[in-house]
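# Coordinate inspection notes
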Amino acid sequence: MRGWLAAAMAAGLPAMAMAQTAAPPKAAKRPHQVQSPNGTREDSYYWLRDDTRKNPEMLAYLAAENAYADAQLAPLKPLQAKLYEETVSHIKQDDASVPFRKNGYWYGTRFATGADYPIIERRKGELGAPAETMFDQPAMARGHNFFALGDWDVSPDNQRVAWAEDVVGRRQYTLKVKSLATGEVAGDTITNIEPNLVWAGDNRTLLYIEKDPVTLRGFRVKAHQLGTPASADRLLYEEKDDTFNMRLLKTADERWICIAISSTVSDEQRCAPTANPTQFTVIAPRAREFRYDADHIGDHWVIRTNRGAKNYKLVTVADAALGKGPAAWRDLTPASDSVFIQNFQPFEGFIAIDQREGGNRMIRLLTDAGRSVPVKADEPAYQMALSINAEAKTDWVRYTYASLVTPTTTYEVNARTGERRVLKVAPVPGYDPTKYTTERLWATARDGTRIPVSIVYAKGVKRDGTAPLFQYAYGSYGISTDPAVDPGRIGLLDRGVVYAIAHIRGGQEMGRGWYDDGHLLNKRNSFTDFIDVTRFLVANKYAAKGRVAALGGSAGGLLMGGVANMAPEDYKVIIAQVPFVDVVTTMLDASIPLTTFEYDEWGNPAQKQYYDYMLSYSPYDNVTAKAYPALYVGTGLWDSQVQYYEPTKWVAKLRELKTDSNPLVFRVNMEAGHGGKSGRFERYRQNAEWQAFLLQQLGVN
């Protein structure tokens, strides 16, 4: 396990003694001044940061925390095992995806019973044709503590496949290529790339994004010619502004390859013909508060933009006017104050629009003749999303539908006739959706804003103010949280737990303004919205005041840290996974991955107004001597998104200052990064641990 146990024992912490210890670990305090243009702060636990992940004393402390977690959670092992077994019982182990067609082949994935990873395969011409295995992921993962297959792309002539894989968990991927006829892996290997690549039209050139080895920011687009060394790869584009990131894409008709460059408040797209992607045309130059993304079909471009439309609109421009900027754009949809256009996909003769209205995500079809048709939904709180639509020459649009009681269902609808057919209902063995009720509620925040809440509970649970509540939210980056059935949640519902998603400001459930009101100098709205939703649900007898649990991860872990500081009395237990809790120190350090991207999300603390505001809510900086709820905190040593030392320092400071006797458990995954260990069952196994802790604290068996 990367030497952590050996390090702990070398530091005088024998394995048996660690497992039997009753007292929580105590980290040493060492003076350290965090400098900034706006003030100096003392950080006595800064020493716990080690970018090499080799410091024996730091590793020993993490080992001691894991041993303490083992000891504290040992009595819950039977419940943990039961929760895991229940979850697995709701998973069809030999499941397969809905195949999709592209360039003469049908592509799909399938799991074998007991397998953590799927096999990806294709069939030529017909669904009944013999399967060709492209990626045997169970075999590829063998021998690795972590494995992730990132992006993969088949060459236009169907002869080769290129892919990106990660065997560490730090999101530094390696590019590989193999023949689909023989399975032979070429010698072409390129390390430290984004999991994002595309083939050029010559079947020999691959475009990929190179990462900075320190910040892990993708900053160079390169072209690799098969059979040549990586050192000979051509530089196609370098992004010098470190507040922007990049991705590569092909247009819907595959005639263009584009470099999509984006920050929180600005976009720029550069496109070149797939046949010869060397000279890239800028669709519209970047400008602050100007966002757009473009796709191509036939002889024109379709563009989603916020120009003159805060919630976005669609415009079009002919090929002949490419590069002339917004002056040449023509509106396809009007601006709206209530409808937020999140995504779109052009087809020949129509456009499928993925939009939000009233807190729900839905699909609308817009024909070239201007006819607009919404796709029907039957529940009060739900989500629709465009599925894989790999071919533009079709009348059929694939999309998914889900709610907190309805398993994800894949449909296709005919844009011309309106006919709709079910392709697959995600199997959930042992689950009966008629036994549960879902509602859409509206909680009033302290400033009068109405916050949508999606809620689900088992029929028979009484609304008498005695039920336990489990509340979740994310609320950052404009990422919306949509309702769906989770096999890992069914066991909680069956035990009488009420589950709620608080669609707080900081996401985009209610449009772009919802995001604007929950980031930068409005970030505290995310915390108070979450608290106000809790108080609304308790006041309306959906839950008991002393039986409320909360969960958030990553930026949602920041939310948990803020809530723990601001309203600890409202929560019995809080689960904070890979939490971003040391906001100011992290955002002062441009060498940390993600920092420079996120100045327009959190603010740049080099500027005093942002420094002061971020400092006012940063969970680590606001830990004080008071009672906190029971806490379960999780992190991964190799996390590149939220570095392990943020939650580590937070836990150390909480242990020092909190005045309560409530348990604080810190689980450090020594072999994984931001998403925890890889593999579909491993995730549920990890979840069962904190779920057992949560149920214990709520008084649920």
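Located above this text is the structure these notes cover.
This text gives an overview of the structure that appears in the document. Everything quoted here is computed from the prediction, not taken from an experiment.

### Overview of the pairing of strand β15 (residues 256-262)
The element β15 is extensively covered by neighbouring structure, given that 7 of its 7 residues are classed as buried. As paired strands, strand β14 (residues 245-250) and β15 are joined by 6 bridges and run antiparallel to one another. For Leu248, the partnering residue across the bridge sits in β15 and is Ile259. In sequence, β14 turns back onto β15 through a hairpin of 5 residues, with Glu254 there showing a positive phi of about 60°. Where β15 and strand β16 (residues 267-273) come together, 7 bridges link them in antiparallel fashion. Paired with Ser262 across the strands is Asp267, a residue of β16. Connecting β15 to the next strand, β16, in antiparallel fashion are 4 residues.

### A look at empty space enclosed by the protein
Per the stated rule, a full pass over the model turns up 2 cavities of 30 Å³ or more. The space that makes up the largest cavity amounts to roughly 60 Å³. Of all the secondary structure elements, the ones that give two or more residues to the lining of the largest cavity are α10 (583-587) and α13 (645-657). By residue number, the principal contributor to the lining of the largest cavity is α13, which donates 3 residues. Split by residue class, the lining of the largest cavity holds 3 nonpolar, 2 polar and 4 charged. Every residue along the wall of the second largest cavity is listed here: Leu404, Tyr431, Val485, Asp486, Arg489, Ile490 and Leu493. Among the residues forming the lining of the second largest cavity, the class breakdown is 5 nonpolar, no polar and 2 charged.

### Points about the packing of helix α4 (residues 77-89) against helix α14 (residues 680-698)
At a minimum axis distance of 8 Å, the contact between α4 and α14 shows a crossing angle of 130°. One way to sum up the angle between α4 and α14 is to call them oblique. Between α4 and α14 lies a crossing whose hand is right-handed. Across from Leu79, Gln80, Leu83, Tyr84, Thr87 and Val88 in α4, the residues of α14 making contact are Phe681, Tyr684, Arg685, Ala688, Glu689, Gln691, Ala692 and Leu695. Residues of the contact of α4 with α14, tallied by class, amount to 9 nonpolar, 3 polar and 2 charged.

### Looking at the pattern of salt bridges
Under the definition given, this model contains 48 salt bridges. In this structure, Glu210 engages Lys222 in a salt bridge whose closest nitrogen and oxygen atoms are separated by 3.3 Å. Residue Glu210 is located in strand β11 (residues 205-211), and its partner Lys222 is located in strand β12 (residues 218-225); the two are separated by 12 residues in the primary sequence. The exposure classification of Glu210 matches that of Lys222, with both residues buried. The residue Arg685 makes a salt bridge to Glu682 at a minimum N-O spacing of 3.2 Å. A residue pair is termed a helical-turn pair when its members lie 3 or 4 positions apart in one helix, as Arg685 and Glu682 do in helix α14 at 3 residues. Arg685 gets classed as partly exposed once you look at its relative accessible area, which sits at 35%. Look at the salt bridges and you will find they share partners, linking Glu210, Arg220, Lys222, Glu238 and Lys240 into a network.

### With respect to the packing of helix α8 (residues 524-539) against helix α9 (residues 555-566)
For the pair α8 and α9, interaxial distance at closest approach is 9 Å and the crossing angle is 65°. Classified by the angle their axes make, α8 and α9 are roughly perpendicular. Crossing of α8 over α9 shows right-handed handedness. In contact with Arg524, Ser526, Phe527, Thr528, Phe530 and Ile531 of α8, α9 contributes Leu558, Leu559, Met560, Gly562, Val563 and Met566. The residue inventory of the contact of α8 with α9, partitioned by class, reads 8 nonpolar, 3 polar and 1 charged.

### Overview of the packing of aromatic side chains
Scanning the model with the defined rule gives 26 aromatic pairs in all. Ring geometry for Phe100 versus Tyr107: centroids 5.7 Å apart, planes at 25°, classification stacked. The same class applies to Phe100 as to Tyr107, namely buried. Relative to Tyr645, the ring of Tyr644 lies with its centre 5.3 Å away and its plane at 80°, an arrangement referred to as edge-to-face. Tyr645 matches Tyr644 in its accessibility class, with the two residues each being buried. Cluster of aromatic residues (ring-pair linked, three or more members): Phe100, Tyr105, Tyr107, Phe135, Trp152 and Trp163.

### Digging into the side chain of His90
Its place among the elements puts His90 in the loop between α4 and β3 (100-102). Under the relative-accessibility criterion, His90 is labelled buried at 8%. Filtering out sequence-adjacent residues up to four positions away, His90 remains in contact with Pro427, Val428, Pro429, Gly430, Tyr431, Pro487 and Ile490.

Calculation notes
- For every chain, the first residue of the written sequence is number 1, and numbering continues from 1 onward in sequence order.
- Per-residue local features are limited, in this predicted model, to residues with pLDDT of at least 70; the limit for side-chain atom pairs, both in listing and counting, is 80 or more; totals at the level of whole chains, interfaces and linings are taken over all residues.
- By convention in this description, side-chain values take in all heavy atoms of the structure and omit both hydrogens and water.
- Buried residues are those whose accessible area, probed at 1.4 Å on protein chains only, stays under 20% of the maximum for their type, while exposed residues exceed 50% and partly exposed ones sit between those limits.
- Segments assigned H or I by DSSP are reported as helices when at least four residues long, segments assigned E as strands when at least two residues long, and all are numbered from the N terminus.
- For two strands to be treated as a pair, DSSP must find at least two bridges joining them.
- Using a grid of 1 Å spacing that covers the protein atoms alone, one calls a set of points a cavity when a 1.4 Å probe fits there but cannot get out, and a pocket when the set is open and has protein on both sides within 12 Å along at least five of seven lines; lining residues are those with an atom within 4 Å of a point.
- Grid points are joined across faces, edges and corners, and a volume is the space filled by probe spheres set on the points.
- Gly counts as polar in this scheme, as do all residues outside two lists: the nonpolar Ala, Val, Leu, Ile, Met, Phe, Trp, Tyr, Cys and Pro, and the charged Asp, Glu, Lys and Arg.
- In this analysis an axis means a line fitted to C-alpha atoms, helices contributing only their contacting stretch, and an angle means the value between N-to-C directions, from 0 to 180 degrees.
- Angles are sorted into four bins: roughly parallel if under 35 degrees, roughly antiparallel if over 145, roughly perpendicular if 65 to 115, and oblique for all others.
- The sense of a crossing depends on the near helix, which, turned anticlockwise from the far helix by less than a right angle, makes the crossing left-handed and, turned clockwise, makes it right-handed.
- The contact definition used throughout considers only heavy atoms, calling two residues in contact when any of these lie within 4.5 Å.
- Salt bridges are defined by distance alone: a side-chain nitrogen of Lys or Arg within 4 Å of a carboxyl oxygen of Asp or Glu.
- For Phe, Tyr and Trp, rings pair up if their centres lie within 6.5 Å, where Trp contributes its six-membered ring, and each pair is then called stacked (planes under 30 degrees apart), edge-to-face (over 60) or tilted (otherwise).

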